[in-house]
Amino acid sequence: MNAVIALQKMPHYRPRSFLALSVVLWLVTYKSLAALAEWIVSLLPVTADSRLAGSIEFFLYDAPKVLLLLTGVVMVMGMVNSYFTAERTRALLAGRREGVGNVLAAMLGVVTPFCSCSAVPLFIGFVQAGVPLGITFSFLIAAPMVNEVALTLLFGLFGLRVASLYLGLGLAVAMLAGWVIGRANMESYLEDWVREMPRVQASAGKDELVLADRLDAGFASVREIVGKVWPYVLVGISIGAVIHGYVPENFMARLMGGGSWWSVPLAVLIGVPMYTNAAGIIPIVEALLSKGAALGTVLAFMMSVIALSLPEMIILRKVLKVRLIATFAAVVASGILLVGHLFNAVL
Amino acid sequence: MTHVKVLGSGCTNCKVTAQLIADVARAKGVAVTVEKVEDIRDIMAYGVMSTPGVVIDERVVHMGGVPTRAKVEGWID
C-alpha cells in the first residue's frame with residue numbers, strides 16, 4: 001500500500017527519476033511486444049502460418065505497439081506543449097516578415113497546443129497583436145493537420161518514411177498556402193468588427209513551470225487524447241488485421257493507383273466534406289493503402305479530411321468574409337493537390 | 001457570492017469545465033454562480049485566445065483546456 005502511494009507521488013517529489021524510470025520501462029515493454037504476441041498466438045488453438053493466425057498475430061502485436069507509441073508520444077508532446085502556449089507563439093510571430101514568418105508559423109503550429117474550438121479566438125488574438133494575415137493562416141493550417149496523433153499513427157502503421165513525408169509535405173502546404181494568402185492582400189475581407197478590435201501588445205508571460213508541472217501536463221494530454229482516440233485505433237488495426245490476412249493485394253490499384261490523373265482530385269473532393277480527427281481517418285487510410293491505392297493519393301485524401309472541413313469554415317465565417325474563406329479553401333486544396341501529384345510522380 | 005464565468009464557444013471542454021466548477025462548489029458548500037460566456041467578442045474582451053477560459057470576479061485565472069480538480073478547488077474558498 002505504501003509503495004503504491006510512493007509511486008503516485010513520485011512525479012511530484014522525484015520528477016527526474018520518474019522520467020528516467022518511465023523511459024526505461026517503456027522501451028523494455030516496446031521491445032518485447034513482438035515476442036509476446038508470437039507467444040500468445042502459439043498458445044491459441046489455431047494452425048501456425050494460417051491466415052487466421054496471421055491476422056491474430058498482426059492485431060496482438062500492432063494494437064499494443066501503436067497504443068504504447070501513442071501514449072509515449074502524447075506524453076512527450078503534452079510536456080513540450082507546456083513550453084509553447086498560444087500567448088508565447090503569438091509573441092514570437094507578431095510583426096514577423098512574410099516568408100520567414102510563414103515557415104516559423106507552420107512549425108509552431110505543430111508544437112503549440114491547439115483545439116479546433118479555439119480557432120476563432122486564436123485567429124482574432126493573432127490579428128489583434130499584428131501577426132500578418134498570411135502568417136496567421138500558415139499557423140491555422142498546420143496546427144490541426146500536422147499533429148502528433150496523425151504522425152504517430154502513420155509511423156506506427158506505415159513506417160518512418162510515410163510519417164516524415166506527411167510531416168514535410170504538411171508543413172510545405174501550410175507555409176505555401178499561408179504565403180499565397182498573404183500575397184493576395186485580403187485584410188479587407190476580414191469581418192468589419194474584427195478589424196475594429198483594439199490592437200494589443202503581444203507579450204509572452206513568464207514561464208514558471210517546473211518539471212513536475214510539465215509531467216502533469218503530459219498526464220493530462222494522455223488522459224484527454226489517448227482516452228479519446230483508442231477506440232479508433234483498435235478499429236483501424238482490426239481492419240488492418242483482416243486485410244493483412246484475407247484481402248488480395250492491388251484490390252484498389254485501378255481506382256486509386258498512381259496511373260490515373262483524376263485520382264488525386266477525386267480523393268480531395270471526397271475528403272473535404274468529411275469531418276473526422278486524425279485517428280478516425282487512419283483505418284480508412286490503412287484500408288486504401290493496403291489494397292494498392294497510391295501513397296500520394298491517400299495522403300492527399302487524409303490532408304483534405306483533416307485540414308479542410310465544412311464545420312471549420314462555418315465557424316471561420318464569423319470572422320472572415322465569404323471571399324476570404326473561399327480563397328483559403330481553394331489555396332489549401334490546390335496545395336494538397338500539388339503535393340499528391342508530386343508524390344505519385346516521384347515515387 | 002463568487003461569480004465565475006466560463007469563456008468558450010460552447011464546445012465539450014467548456015461544458016465540462018462549467019460542470020466541474022459547479023460540482024466542486026457544491027462539494028465544498030460554497031455558493032457560486034457559473035455563467036457561460038459564448039459570444040466571441042465578449043471572450044476576446046478578456047484577452048483569452050485558447051478556450052475554455054475561466055474568469056473569477058472579473059480576473060482571468062485560467063485558459064486553454066479543462067482545469068484540474070485540484071486547481072478548481074484552489075479557486076473556491
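Rules used in this analysis
Residues numbered from 1 in each chain as written. Chains lettered and ligands numbered in written order. Predicted model: local features only at pLDDT ≥ 70, side-chain atom pairs only at ≥ 80, totals over all residues. Helix = DSSP H or I, 4+ residues; strand = E, 2+ residues; numbered from the N terminus. Rg over C-alpha atoms; globule rule 2.2 N^0.38 Å. Buried ≥ 20, exposed ≤ 12 C-beta atoms within 10 Å, placed from the backbone. Contact = placed C-beta atoms within 7 Å. Pairing = 2+ DSSP bridges. Axes fitted to C-alpha atoms, helices over the stretch in contact; angles between N-to-C directions. pLDDT = per-residue confidence, 0-100. Expected span 1.5 Å × (residues − 1).

1. A few points about the overall build of chain B
- When its secondary structure is counted, chain B shows three helices and four strands.
- Counting from the amino terminus, helix and strand elements in chain B follow one another as β-α-β-α-β-β-α.
- Computed over its C-alpha atoms, the radius of gyration of chain B comes to 11 Å, within 12% of the 11 Å expected for a compact globule of 77 residues.
- When its C-alpha atoms are laid out on the principal axes, chain B stretches across 35 × 20 × 15 Å.
- When each of the 77 residues of chain B is scored for burial, the buried share is 38%.
- Residue pairs at least 24 apart in sequence account for 67% of intrachain contacts in chain B once pairs closer than 6 positions are excluded.

2. Some words on the sheet that holds strand S1 (residues 2–7) of chain B
All names here are of chain B.
- On the basis of which strands lie adjacent, the open sheet formed by four strands has the order S2-S1-S3-S4 and mixed pairing. The sheet terminates laterally at strand S2 (32–37) and strand S4 (59–63), the two strands that pair on one side only. When strand polarity is set aside, the average angle formed by the axes of neighbouring strands in this sheet is 25°.
- Sheet contacts for helix H1 (residues 12–28): S1, S2 and strand S3 (53–56); angle to S2, the most-contacted strand, approximately 175°.

3. Digging into the pairing of S1 of chain B
Residues and elements named next belong to chain B.
- Sheet topology note: the S1/S2 ladder contains six bridges and is parallel. Within S2, the residue paired with His3 across the bridge is Thr33.
- When S1 meets S3, the two strands line up antiparallel, connected through four bridges. Bridge pairing in S3 links Leu7 to Gly53.

4. Details of the environment of Ser116 of chain A
Residue and element names in this part refer to chain A.
- Here Ser116 lies in the loop between helix H5 (100–111) and helix H6 (119–128).
- Placed 24 residues apart in sequence, Ser116 and Leu140 show a C-alpha to C-alpha distance of 9.3 Å.
- In contact with Ser116, other than residues within four places in its own chain, are Pro144 and Glu312.

5. Here's the deal with the confidence of the model for chain A
- Of all residues in chain A, 89% attain a pLDDT of 70 or more, and the chain-wide mean is 83.
- The spread of mean pLDDT over the elements of chain A runs between helix H12 (residues 253–256) of chain A, the lowest at 56, and H5 of chain A, the highest at 93.

6. A short note on the environment of Ser290 of chain A
- For Ser290 of chain A, the position within the fold is in helix H14 (residues 278–290).
- Each C-alpha atom of the pair Ser290 of chain A and Gly240 of chain A lies 8.1 Å from the other, and the pair is 50 residues apart in sequence.

7. Focus: H5 of chain A
Residue and element names in this part refer to chain A.
- For H5, which comprises 12 residues, the first-to-last C-alpha distance of 17 Å matches the rise-based estimate of 16 Å (1.5 Å per residue) to within 8%.
- Residues of H5 that are buried include every one of Gly101, Asn102, Ala105, Ala106, Leu108, Gly109 and Val110, and no others.
- Contacts made by the buried residues of H5 are with helix H4 (86–93), helix H7 (133–145) and helix H9 (160–183).

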